[in-house]
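Chain and residue survey
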Amino acid sequence: MLKDKVAVVTGASRGIGKSIALLMARNGARIVVSARNQTLLDALVAEIHAFGGEALAVAGDISLTEDANQLIAAAVESFGRVDILVNNAGITHDGLLLRMKDEDWDSVLDINLKGAFICTRAAAKIMTKNRYGRIINISSVVGEMGNAGQANYCASKAGLIGLTKSNARELAKRNVTVNAVTPGFITTDMTDELSDKVRDELAAQIPLGSLGDADDVAEAVLFFASERSKYITGQVLGVNGGMYM
Ligand code: NAP
């Protein structure tokens, strides 16, 4: 489905990003994977090579402009261009509003929102020249609904939806689409911190009755990355088991 396309996936060392990278690689894309942990990235690249895929690891901190620019430059240097960018890297630093420290606000906004902005700016330079691009931002259901104790995280994820729509309008003329996926509760390291009791309570609120898995999100991203979505831009697709409609 993505034969000969070059895709950059941030936050690909584990969880949802890793599933996205593997699914895209299995569908023929050449993949550039990024995160801070070089060892995990190297293991992922080896896994992709093992099934005959092409991949490159570029370690860096996505909140730093220099690292984001270097990531896109490395993709161009190795594979000649960038067709697909998945802004997936994200963190949480939860806390009640009255106790939230400036550092907790800044770090979450810097990684989750600024990281997507600076990667998009660098990739869009290449995509607009090539008159082709697919940008997918991984937001969250709580960016749509809000969540107590996550003011910083929800603001960053709602911000990603605004970024998605603005960039979609700005880049459409150059055949660059920009869409967002909003996962609900997905089983990864990020949700492993929840107790079994909380997990059961959450599942009870989800119409489809369970947490999702990373591949559920990866399938939605693959759709936005492919030609099947060529007439879709500026949209937000919930992958949430029906918990928000
Ligand atoms: P995860 O397992 O914690 O993985 C997060 C990824 O982001 C890791 O690869 C991590 O790698 C990378 N990352 C974190 N900070 C980074 C930085 N400064 N620079 C570069 N990479 C960085 O999380 P996940 O559950 O897969 O979540 C992936 C995305 O989906 C996030 O944006 C998250 O907000 C969103 N999401 C998740 C859920 C869920 O239920 N799991 C729900 C809605 C939305 P390093 O630590 O090696 O840098």
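For the structure itself, look to the data block above.
Described below are features of the structure shown in this document. (Residues numbered from 1 in each chain as written. Predicted model: local features only at pLDDT ≥ 70, side-chain atom pairs only at ≥ 80, totals over all residues. Heavy atoms only, no water.)

**Regarding the site of the ligand**
Put simply, the rule is: Only heavy atoms are used to decide nearness, and a residue is near a molecule or strand if one of them lies within 4 Å of it. Contacts described as polar in this section are N or O atom pairs within 3.5 Å, which, within protein, must combine one atom able to donate a hydrogen with one able to accept it, while residues neighboring in sequence count only if both atoms come from side chains. With residues, only the protein chains shown are counted as cover, and all accessible areas are computed by Shrake-Rupley using a 1.4 Å probe. Only runs of H or I of at least four residues qualify as helices and only runs of E of at least two qualify as strands under DSSP, and these elements are numbered from the N terminus.
Taken together, 30 residues form the shell around the ligand, and within it Ser-13, Arg-36, Asn-88, Tyr-153 and Thr-188 come nearest. At a separation of 2.5 Å, an oxygen atom of the ligand approaches a polar side-chain atom of Thr-188. Here the ligand has 880 Å² of accessible area as a free molecule, and 96% of this is covered by the chains. When residues of the shell around the ligand are traced back to their parent elements, those giving at least two are helix 1 (15–26), helix 6 (151–171) and helix 7 (189–192).

**Structural notes on the pattern of salt bridges**
The condition that has to hold: One speaks of a salt bridge when a side-chain nitrogen belonging to Lys or Arg is within 4 Å of a carboxyl oxygen belonging to Asp or Glu. Exposure classes here rest on a 1.4 Å probe applied to the protein chains alone. A residue is buried below 20% of its type maximum, exposed above 50%, and partly exposed in between.
Per the stated rule, a full pass over the model turns up seven salt bridges. For Lys-3, the salt bridge is made with Asp-4, and the minimal N-O distance between the two is 3.8 Å. Of the residues examined, Lys-3 reaches a relative accessible area of 62% and is grouped as exposed. Between Lys-197 and Glu-201 there is a salt bridge; the shortest N-O distance is 3.1 Å. With Lys-197 and Glu-201 both in helix 8 (residues 196–204) and four residues apart, this pair spans about one turn of that helix.

**Considering the packing of aromatic side chains**
Note the threshold: Two rings from Phe, Tyr or Trp (for Trp, the six-membered ring) form a pair when their centres are within 6.5 Å of each other. A pair whose planes differ by under 30 degrees is stacked, one over 60 is edge-to-face, and the rest are tilted. We call a charge positioned above a ring when the Lys NZ or Arg CZ atom is no farther than 6 Å from the ring centre and deviates by at most 35 degrees from the ring normal.
With the rule as written, the count across this model stands at one aromatic pair. Relative to Phe-224, the ring of Phe-223 has its centre 5.6 Å away and its plane inclined at 45°; by these criteria the two rings are tilted. Here Phe-223 falls in the partly exposed class, since its relative accessible area comes to 29%. Owing to a relative accessible area of 3%, Phe-224 belongs among the buried residues under this scheme. Stacked on the ring of Tyr-132, the Lys or Arg Lys-5 has its end atom at 4.7 Å from the ring centre. When the ring centre of Phe-51 is taken as origin, the NZ or CZ atom of Arg-26, which lies over that ring, is 4.1 Å away.

**Comments concerning the packing of helix 1 against helix 2 (residues 38–50)**
Applicable threshold: Here an angle of 0 to 180 degrees is reported between the N-to-C directions of two axes, which are lines fitted to C-alpha atoms, with helices fitted over the stretch in contact. In what follows, roughly perpendicular refers to angles from 65 to 115 degrees, roughly parallel to angles under 35, roughly antiparallel to angles over 145, and oblique to any angle outside these ranges. Here a crossing is called left-handed whenever its near helix is offset anticlockwise from the far helix by less than a right angle, and right-handed whenever the offset is clockwise. Contacts were defined at the residue level, with two residues in contact if any of their heavy atoms lie within 4.5 Å.
Running from N to C, helix 1 and helix 2 cross one another at 25°; their axes reach a closest spacing of 10 Å. Relative to helix 2, the element helix 1 lies roughly parallel. The way helix 1 lies across helix 2 gives a crossing that is right-handed. Across the interface between the two elements, Lys-18, Ala-21, Leu-22 and Ala-25 of helix 1 pack against Leu-44, Glu-47 and Ile-48 of helix 2.

**Description of the nonpolar core**
Operational definition: Within this scheme, the nonpolar core is defined by two criteria: the residues are buried Ala, Val, Leu, Ile, Met, Phe, Trp, Tyr or Cys, and they are joined through side-chain atoms within 4.5 Å.
Ranked by size, the top nonpolar core spans 35 residues in total, and within it Ile-20, Met-24, Ile-31, Val-86, Ile-136, Val-181 and Val-221 carry the most contacts. For this core, the elements supplying multiple residues, two or more each, are strand 1 (6–10), helix 1, strand 2 (30–35), helix 2, strand 4 (84–87), strand 5 (133–138) and helix 9 (214–225). Setting aside residues no more than four positions away along its own chain, Val-86 makes contact with Val-8, Val-9, Thr-10, Ile-20, Met-24, Ile-136, Ile-138 and Val-221. In terms of nonpolar packing, the next biggest core, distinct from the first, is built from 32 residues, Ile-72, Ala-122, Val-142 and Val-176 among them.

**Re a negative patch on the surface**
Filter applied, for reference: Note that patches include only residues with greater than 30% relative accessible area and no salt bridge, and the join distances are 9 Å for like charges and 5 Å for nonpolar side chains (Val, Leu, Ile, Met, Phe, Trp, Tyr). When charges are counted, Lys and Arg are positive and Asp and Glu negative, with His and the chain ends excluded. Think of each charge as sitting on NZ of Lys, CZ of Arg, CG of Asp or CD of Glu.
Together, Asp-102, Glu-103, Asp-106 and Asp-110 make up a negatively charged patch on the protein surface. Within the fold, Asp-110 resides in helix 4 (residues 102–130).

**Details of the side chain of Asn-240**
Locating Asn-240 in the fold gives a position in the segment after strand 9 (236–239). Its relative accessible area of 9% is what places Asn-240 among the buried residues. Polar contacts involving the side chain of Asn-240 include one to the main-chain carbonyl oxygen of Tyr-244, which spans 3.2 Å. Leaving out residues up to four positions away in the same chain, Asn-240 has contacts with Val-141, Thr-182, Gly-184 and Ile-206.

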